[in-house]
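Now for the letters of each chain:
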Amino acid sequence: MPKPFVNRAFNDFVMSRFSFTSDPQKVKGWINNSLNKKWKEFRLKLYHEAEDPLLSKEDIIKNVPEGIPMDQWALFVNYRFKEETKALCLRNQRIRGQQTLPHTSGAMSLARRRALMKKQGKEVDRGKVWTETHKRKDGSYVNDQAREIGERIEEIRRQKPETRAEISPNDALGVVFGPEHPGRVRGLGMGAVPTVVFKQTSRQDGCSYMGAASTSAPPPQWVQEMANMRSQLNVLTSLFQMKIGNIPEEFAHLFPTPSQAPNLGDGVPSPTGPRRSFDGSNYENGASNN
């Protein structure tokens, strides 16, 4: 989708008619994805209506659909007749043929499906949405593989009812299918990505969700930067103890222990020892007590 067209559609048609509580840039990103999807589907529809194996490329170009500029239609037809495009279409056709879990949602988006299920009084967790969209009207699953997966999802939902209340990698759908692809989240539709959807759950669990790459080690530059920061903190702690005095007990747990700090000189006091004041009153009190 051409970027100028997206900007014009967003500014002239969307922002002038709607008010958003979310970040406008996020809304614009979702609209961009939606327009791209609809634009792709519309182009395919136009070409399939004009395609005829008995007609040459020139004849198809002459049959310009109503409302489409001649130059744009000619460019599109030329693109469709390229050998690279034909090879890509055949490849995508083979991939679609390998899909063994067809859904029954039709043209209805998952967001609309969830809203409809909620209106009907049904639960709308990810597992329930998956099973609902892989059943026929009579309640049977589309095939045996979908039935096996659906039964596993329902079993986990019964065993762990607490997972129905939140969207997380540990809900029924996440357990059955495993880590999500970085660019989408099953059961939530267009625009949902793991790093955003699972952010709240990851914070509660004390870990971050990185999808299929969650087991990878941190980049070397991060490790080096952390090591440098740790060394700097150790040096600053020792300098503080030498120049000013001991660290108060209530703050000692925030700093490295003496064994971690570098030895910048003898006589560095313990961070948990008596605090020395600037006027030497602590020393005088200690001497008088002795």
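All residue numbers refer to position in the chain's written sequence, counted from 1. pLDDT decides what is reported in this predicted model: residues at 70 or higher carry local features, side-chain atom pairs at 80 or more are listed and counted, and totals for whole chains, interfaces and linings draw on all residues regardless. With hydrogens and water set aside, each side-chain value is computed from the structure's full complement of heavy atoms.

Colleague: Quick question: what am I supposed to make of the overall build of the protein chain here?
Modeller: Numbering of helices and strands runs from the N terminus, with a helix taken as a DSSP run of H or I at least four residues long and a strand as a DSSP run of E at least two residues long. Each helix and strand in the protein chain was counted, giving 14 helices and zero strands. The rule is simple: take the accessible area with a 1.4 Å probe, protein chains only, and divide by the maximum for that residue type; under 20% is buried, over 50% is exposed, in between is partly exposed. The burial tally for the protein chain puts 25% of its 290 residues in the buried class. The contact criterion used is simple: two residues touch if any of their non-hydrogen atoms lie within 4.5 Å. Sequence separation of at least 24 residues holds for 47% of the intrachain contacts in the protein chain that already meet a minimum separation of 6. Carbon and sulfur atoms form 55% of the exposed surface of the protein chain, whose accessible area is close to 20700 Å². For every accessible area listed, the method is Shrake-Rupley and the probe measures 1.4 Å; residues are considered covered only by the protein chains on display.

Colleague: Explanation requested: helix α2 (residues 24–50) in the structure shown.
Modeller: Counting along an α-helix, one turn takes 3.6 residues, and residues three or four places apart therefore face a common direction. Taking 1.5 Å as the rise per residue, α2 with 27 residues should run 39 Å; its terminal C-alpha atoms sit 38 Å apart, in good agreement. Among the residues of α2, Val27, Ile31, Ser34, Leu46, Tyr47 and Ala50 are the ones counted as buried. Considering only its buried residues, α2 is in contact with α1 (3–14), α3 (57–62) and α4 (70–80). Each helix should span, by expectation, one fewer than its residue count multiplied by 1.5 Å.

Colleague: Before we go on, may I ask you to explain the nonpolar core in this structure?
Modeller: A general trend in soluble globular proteins is that nonpolar side chains are found buried together. Grouped together as the largest cluster of nonpolar side chains are 10 residues: Trp130, Tyr141, Val142, Ala146, Ile149, Ile153, Ile156, Ala172, Leu173 and Val176. Looking at this core, the elements with two or more residues in it are α8 (144–159) and α9 (172–177). Here the element with the most residues in this core is α8; it accounts for four residues. Other than its neighbours up to four places away in sequence, valine 176 contacts Ile149, Arg152, Ile153 and Ile156. Core analysis: the second largest hydrophobic core is formed by nine residues, Leu46, Ile61, Ala74 and Val77 among them. Residue types Ala, Val, Leu, Ile, Met, Phe, Trp, Tyr and Cys, when buried and joined through side-chain atoms within 4.5 Å, form a set referred to as a nonpolar core.

Colleague: Just to check I follow, could you spell out the pattern of salt bridges for this structure?
Modeller: Side chains that differ in charge, positive against negative, can pair when their charged atoms come close. We define a salt bridge as a side-chain nitrogen of Lys or Arg found within 4 Å of a carboxyl oxygen belonging to Asp or Glu. Using the criterion set out here, one finds 11 salt bridges in the structure. In this structure, glutamate 49 engages lysine 45 in a salt bridge whose closest nitrogen and oxygen atoms are separated by 2.8 Å. With glutamate 49 and lysine 45 both in helix α2, this residue pair falls four residues apart, about one helical turn. The exposure class assigned to glutamate 49 is exposed, which follows from its relative accessible area of 55%. Overall, lysine 45 belongs to the partly exposed group, its relative accessible area being 45%.

Colleague: What is the right way to look at the packing of aromatic side chains in this model?
Modeller: By convention here, two paired aromatic rings are described through the distance between centres and the angle between planes. Only centres within 6.5 Å qualify two rings of Phe, Tyr or Trp (six-membered ring in Trp) as a pair; their planes then separate them into stacked at under 30 degrees, edge-to-face at over 60, and tilted for everything else. Here the structure, examined in full by the defined rule, presents three aromatic pairs. Ring centres 5.9 Å apart and planes at 85° place the aromatic pair tyrosine 47 and phenylalanine 76 in the edge-to-face group. Remark: phenylalanine 76 occurs in helix α4 and tyrosine 47 occurs in helix α2; sequence separation between them is 29 residues. On the accessibility criterion, phenylalanine 76 (10% relative accessible area) is buried. Ring geometry for tryptophan 130 against phenylalanine 177: centres 5.7 Å apart, planes inclined by 55°, an arrangement best described as tilted. On the criterion of sequence distance, the pair formed by tryptophan 130 in helix α7 (residues 126–132) and phenylalanine 177 in helix α9 is long-range, its members being 47 residues apart. Take phenylalanine 177: its relative accessible area is 24%, and that puts it in the partly exposed class. Aromatic ring contacts, followed pair by pair, group Tyr47, Trp73 and Phe76 into a single cluster. Positioned over the ring face of tryptophan 39 is arginine 43, at 4.7 Å from the centre of the ring. Any Lys NZ or Arg CZ that is within 6 Å of a ring centre and within 35 degrees of that ring's normal is treated as a charge sitting over the ring.

Colleague: Would you explain the packing of α2 against α4 in this entry?
Modeller: Packed helices, taken two at a time, are described by the angle between their axes plus the distance between the axes. Under this scheme, a helix contributes an axis fitted over its contacting stretch, all axes are lines through C-alpha atoms, and angles between N-to-C directions fall in the 0 to 180 degree range. Interaxial distance between α2 and α4 falls to 12 Å at its minimum, and their mutual angle equals 80°. Between α2 and α4, the angle is such that the two are roughly perpendicular. Between α2 and α4, the residues in contact are Arg43, Leu44, Leu46, Tyr47 and Ala50 and Trp73, Phe76, Tyr79 and Arg80, respectively. Angles are sorted into four bins: roughly parallel if under 35 degrees, roughly antiparallel if over 145, roughly perpendicular if 65 to 115, and oblique for all others.

Colleague: Just to check I follow, could you spell out a nonpolar patch on the surface for this structure?
Modeller: Patches here are clusters of residues that have more than 30% relative accessible area and form no salt bridge, with a 9 Å joining cutoff for like charges and a 5 Å cutoff for nonpolar side chains (Val, Leu, Ile, Met, Phe, Trp, Tyr). Together, Val235, Leu236, Leu239 and Met242 line one region of the surface with nonpolar side chains, adding up to about 320 Å² of accessible area. Inspection of the secondary structure puts leucine 239 in helix α12 (residues 220–243). Under the relative-accessibility criterion, leucine 239 is labelled partly exposed at 36%.

Colleague: Where do I start with the side chain of threonine 133 in this structure?
Modeller: Structurally, the position occupied by threonine 133 is in the loop between α7 and α8. Threonine 133 gets classed as buried once you look at its relative accessible area, which sits at 4%. Polar contacts involving the side chain of threonine 133 include one to the main-chain carbonyl oxygen of valine 129, which spans 2.9 Å. Aside from chain neighbours lying at most four places away, what touches threonine 133 is His103, Thr104, Ser105, Leu110 and Arg113. In protein, a polar contact requires one atom able to donate a hydrogen and another able to accept it; more generally it is a pair of N or O atoms within 3.5 Å, and residues adjacent in sequence count only if both atoms are side-chain atoms.

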